[in-house]
There are 2 protein chains.
Amino acid sequence: MSWINDIGPLGDVVLSSRIRLARNLADIPFPQAMDKIDRDSVIHGVYRSIAGSDSPIGEEFQFLSMKDLSHVDRQILVEKHLASPDLMKYHERSAILVNWQEECSIMINEEDHIRLQCILPGYQLKRGLDYLDNIDDIIEAQLPYAFDPNLGYLTSCPTNLGTGMRASIMLHLPILATTGQMKAMLQTLAKIGVTVRGLYGEGSEVMGDIYQISNQITLGASEEEIISNLEIVTKQIVQKEKQARQLALAGSRIHLEDEIWRAYGTMLHARCMDFNEFMELLSTLRLGVETGIMTKIDIKTINRLMIMGQPGHLRKYGDKTIGDLDIIRAEVISKLLRSTELEN
Amino acid sequence: MSWINDIGPLGDVVLSSRIRLARNLADIPFPQAMDKIDRDSVIHGVYRSIAGSDSPIGEEFQFLSMKDLSHVDRQILVEKHLASPDLMKYHERSAILVNWQEECSIMINEEDHIRLQCILPGYQLKRGLDYLDNIDDIIEAQLPYAFDPNLGYLTSCPTNLGTGMRASIMLHLPILATTGQMKAMLQTLAKIGVTVRGLYGEGSEVMGDIYQISNQITLGASEEEIISNLEIVTKQIVQKEKQARQLALAGSRIHLEDEIWRAYGTMLHARCMDFNEFMELLSTLRLGVETGIMTKIDIKTINRLMIMGQPGHLRKYGDKTIGDLDIIRAEVISKLLRSTELEN
């Protein structure tokens, strides 16, 4: 099930786990150098390898040509983390296959010919890799990959060379962030080859205390080794955050409760809210659900709020007579909160 | 009816009008100089003049000896503006008569032997004076007042000499306060003999944008002249505040709505709230009701909140197992808001 609608292992700190594999077809130039014929042949090749496969997986995917989508629909794919910002940027040449559970997507003609991606709720990197390995085999059976026996999979950018794999974990670290412990941790992580990014991956800043950690290197280690290293790091960070939460609760439970319920009241009643404030309040609310203080909503609602509060979703599903996104956001989140309120 | 439970003329800016008459009995020293026998004879004399009167008014009053009340019950009288802080301070010697509507009180052995007070909702100084004149006559028929043909009523403090009257108006001026127009206005008011104070009268600071204006002089003008002057000033201030509100609404209605509904959400959901924040949020909420933006509650609820949020009321009516007043306050105001929510 999509990470948005489910809670997985270590779910009180880990939002989601993502595996991405970069692949390129042999004998066709990398996307930035190829012509229209090459582009279309990659799109059609990948589409046929999935749609025409004997595996039941083939029937799970929907094909979307990026240039045929409206700007808002492209934005929605990015906001759901199914497409990358680059796939949207290169929409003239790119396409995407998305499975109906919205766990898995196959981006075509992004930076590489093929980018397979699987996102699962909580900590589940291994399950994600197993799923992608299956799809990877299906495609490879039809289309020969650019592969070097010494280097591994060849990629457009050398940072992806080798396994072509990027494994990343989305973490909610509100207490480590506010107590200032993140800074030291970021320095340590950099030293051991772990990259830290924001909500939208590369180049995006951290918002709402959500940190994305991923492997820096793709070469010289197997997929399993990379995942195993990341698992150790993730579990350590999760433990640190949980300890910090225990301390915060023991020190001043009432002030944490106060902050969490105020965030709820503000979200329910505000008439205008910018994205930064929204993400900050949502972080407080998420912490409330994770610690059991906030009982009116569950993690699914928190995740849906996070997705719905973004510009594309607001434009698509919000009141189209209102010009100001901050006003639409306040209305949409208030309605969503009311409609999902749990009986306690 | 008590100003707390009603809305009167100019009620979208004027909370209440108060008349106070200072009186002293002839041939008995002023309170600070009198002995126990004098004190008791004043208390008994005033009590008998009211309770034994032929007027139906006599039956409206309840007698309370301040020294027999608990600290919290004394505080409650002050918080309802029925007793002055000084009456509470001198509780060993003082007493009070309060009518059941809680519009009128007769303080005994405060700074003067007798202080008659009437508070009515909205702008109603003349009605208040008429009511007190009646009581004044009832008492004077039994007890000779200290009166000088040239000076008028003699009082313990020369600032009350003459009419012994202080007329005051409680005004809610949130927009004049935030746009910085109050400062210039305060200077003008001082020049024309109008004093500006906070919620609890003399020596109290302005909280929650509530200003109390009153006449500075009591000598050399009749009661009617003083009230007439104050009426002109009040109407001018009310007009200025209303114009400022119109401007604010025209300029950015959505931001005012946002602020008002956020205040409501915070009041409903906070778990801890100090008195300063409470008064600020209440001012925003009151502005919401006054401008028709806040439709979930009415002015009566705002007034009850203002009374209930004070320390004495919280100690008396809040959860007695909780030590922290800020936590009790949050609980009490949230319950009151929920129980008074209007159907829209």
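In this text the structure is predicted, and so the values were computed from the model without any measurement.

1. Observations regarding the interface of chain B and chain A
Link 1 in the chain: Contacts between the two partners involve 17 residues from chain B and, on the opposite side, 17 residues from chain A.
Link 2 in the chain: Buried area between chain B and chain A, summed over both chains or domains, comes out near 1500 Å², and the portion from carbon and sulfur atoms is 61%.
Link 3 in the chain: For chain B, the biggest contributors to the area lost against chain A are B:R262, B:H269 and B:R271; these three give 42% of the whole.
Link 4 in the chain: There are 2 salt bridges connecting chain B and chain A.
Link 5 in the chain: Note that B:R262 and A:E277 form a salt bridge whose closest N and O atoms lie 2.7 Å from each other.

2. What to know about the sheet that holds strand β9 (residues 194–197) of chain B
Residue and element names in this part refer to chain B.
Link 1 in the chain: Judged by pairing direction, the sheet is antiparallel, and its 8 strands sit side by side in the order β2-β3-β4-β5-β1-β8-β10-β9 without closing on themselves. The strands lining the two open edges of the sheet, one partner per strand, are β2 (61–65) and β9. Averaged over all pairs of adjacent strands, the angle between strand axes in this sheet comes to 20°, irrespective of strand direction.
Link 2 in the chain: By the bridge criterion, 5 bridges tie strand β4 (residues 104–108) to strand β5 (residues 114–121) in an arrangement that is antiparallel. Across the sheet, residue S105 finds its bridge partner in β5, namely Q117.
Link 3 in the chain: Strand contacts of helix α7 (residues 223–269): β1 (14–23), β8 (165–172), β9 and β10 (210–215), with the helix running at about 10° to β8, the strand carrying the most contacts.

3. Structural notes on the sheet that holds strand β9 (residues 194–197) of chain A
Residue and element names in this part refer to chain A.
Link 1 in the chain: Spatial strand order, β2-β3-β4-β5-β1-β8-β10-β9: 8 strands in an open sheet with antiparallel pairing. In the strand order of this sheet, the two ends are held by β2 (61–65) and β9, each with one partner. Each strand of the sheet is rotated relative to its neighbour by a mean of 20°, with strand direction disregarded.
Link 2 in the chain: Here strand β1 (residues 14–23) runs beside strand β8 (residues 165–172); their pairing, made up of 7 bridges, is antiparallel. Paired with R20 across the strands is R166, a residue of β8.
Link 3 in the chain: Contacts from helix α1 (residues 36–51) reach β2, β3 (95–99), β4 (104–108) and β5 (114–121), with the element oriented near 150° to β4.

4. Structural notes on helix α1 (residues 36–51) of chain B
Residues and elements named next belong to chain B.
Link 1 in the chain: If you check α1, its first and last C-alpha atoms are 22 Å apart, about what 16 residues at 1.5 Å a residue would give, namely 22 Å.
Link 2 in the chain: Those residues of α1 hidden inside the fold are in contact with β2, β3 (95–99), β4, β5 and α4 (125–142).
Link 3 in the chain: Between the side-chain oxygen of the N-cap and the backbone nitrogen of I37 there are 3.2 Å, and the N-cap of α1 in question is D35.

5. Examining the side chain of B:E290
Residues and elements named next belong to chain B.
Link 1 in the chain: As for its position among the elements, E290 is in helix α8 (residues 275–290).
Link 2 in the chain: By relative accessible area, which is 13% here, E290 ends up buried.
Link 3 in the chain: A polar atom in the side chain of E290 sits 3.0 Å from the side chain of R245.
Link 4 in the chain: Filtering out sequence-adjacent residues up to four positions away, E290 remains in contact with G11, D12, V13, H172, R245 and I299.

6. Structural notes on the relation of the copies chain B and chain A
Put simply, the second copy of the chain is the first one after a rotation about an axis and a shift along it.
Link 1 in the chain: Turning chain B through 180° and shifting it by 0.0 Å along the axis lays it on chain A, with an RMSD of 0.0 Å. What the rotation and shift describe, once combined, is the action of a two-fold rotation axis. Among all C-alpha atoms of chain B, that of B:G265 lies closest to the rotation axis, at 2.1 Å.
Link 2 in the chain: By residue overlap, the copies meet face to face through one surface: 100% of the interface positions of chain B are interface positions in chain A.

7. A short note on unusual backbone geometry
Link 1 in the chain: Positive phi, close to 55°, is recorded for A:D209, a residue that is not glycine.
Link 2 in the chain: Tracing the backbone shows A:D209 in the loop between β9 and β10 (210–215).
Link 3 in the chain: Look at B:L10: it is not a glycine, yet its phi comes out positive at around 55°.
Link 4 in the chain: Inspection of the secondary structure assignment puts B:L10 in the segment before β1.

8. Some words on helix α6 (residues 182–191) of chain A
Residues and elements named next belong to chain A.
Link 1 in the chain: Within the sequence span of α6, burial applies to M182, M185 and L189. For α6, the angular spread of buried residues about the axis comes to 60°, placing them on one side. Of the residues in α6, the exposed ones pointing more than 90 degrees away from the buried face are K183, Q187 and K191.
Link 2 in the chain: Of the surrounding secondary structure, the elements contacted by the buried residues of α6 are α5 (174–178), β9, β10 and α7 (223–269).
Link 3 in the chain: G193, located one to two residues past α6, shows a positive phi value of around 80°.

9. Examining the packing of aromatic side chains
Link 1 in the chain: Per the stated rule, a full pass over the model turns up 10 aromatic pairs over all chains.
Link 2 in the chain: Relative to A:Y153, the ring of A:Y145 has its centre 6.0 Å away and its plane inclined at 80°; by these criteria the two rings are edge-to-face.
Link 3 in the chain: For A:Y145, a relative accessible area of 7% puts it in the buried group.
Link 4 in the chain: Counting every residue linked through ring pairs, the aromatic cluster contains A:Y145, A:F147 and A:Y153.
Link 5 in the chain: The positively charged end of A:R93 is found above the aromatic ring belonging to A:Y90, 4.0 Å away from the centroid.
Link 6 in the chain: The cationic tip of B:R23 hangs over the ring face of B:Y153; the distance from NZ or CZ to the ring centre is 3.5 Å.

Conventions we followed
- Throughout, residues of each chain are indexed from 1 in the direction in which the sequence is written.
- Chains and ligands are labelled by the order in which they are written, letters from A for the one and numbers from 1 for the other.
- Only residues with pLDDT of at least 70 get local features here, since the model is predicted, and only at 80 or more are side-chain atom pairs given and counted; chain-wide, interface and lining totals rely on the full set of residues.
- Hydrogen atoms and water are omitted, and side-chain values are computed over all heavy atoms in the structure.
- Any pair of residues with heavy atoms lying within 4.5 Å of one another is described as a contacting pair.
- Note: buried area is the sum, over both parts, of the accessible area (probe 1.4 Å) each one loses when the two are combined.
- By salt bridge we mean one thing: a side-chain nitrogen of Lys or Arg within 4 Å of a carboxyl oxygen of Asp or Glu.
- A pair of strands is considered paired only if DSSP assigns at least 2 bridges between the two.
- Where helices and strands are cited, they refer to DSSP runs of H or I of at least four residues and of E of at least two residues respectively, numbered from the N terminus.
- Axes here mean lines fitted to C-alpha atoms, for a helix over just the part in contact, with angles spanning 0 to 180 degrees between N-to-C directions.
- The length a helix should cover is 1.5 Å for every residue beyond the first.
- N or O atoms closer than or at 3.5 Å make up a polar contact, with two conditions inside protein: a donor-capable atom paired with an acceptor-capable one, and, for residues adjacent in sequence, both atoms drawn from side chains.
- Only protein chains enter the accessibility calculation, which uses a 1.4 Å probe; a residue is then buried when its area is under 20% of its type maximum, exposed when over 50%, and partly exposed in between.
- The copies were overlaid by least squares, fitting only the C-alpha atoms of residues that reach a pLDDT of 70 or more in each copy.
- Arc definition: directions from the helix axis to the C-beta atoms.
- Pairing of aromatic side chains requires ring centres within 6.5 Å, counting the rings of Phe and Tyr and the six-membered ring of Trp. Pairs whose planes differ by under 30 degrees are stacked, by over 60 edge-to-face, and all others tilted.
- Lysine NZ or arginine CZ positioned within 6 Å of the ring centre and within 35 degrees of the ring normal marks a charge as sitting over the ring.

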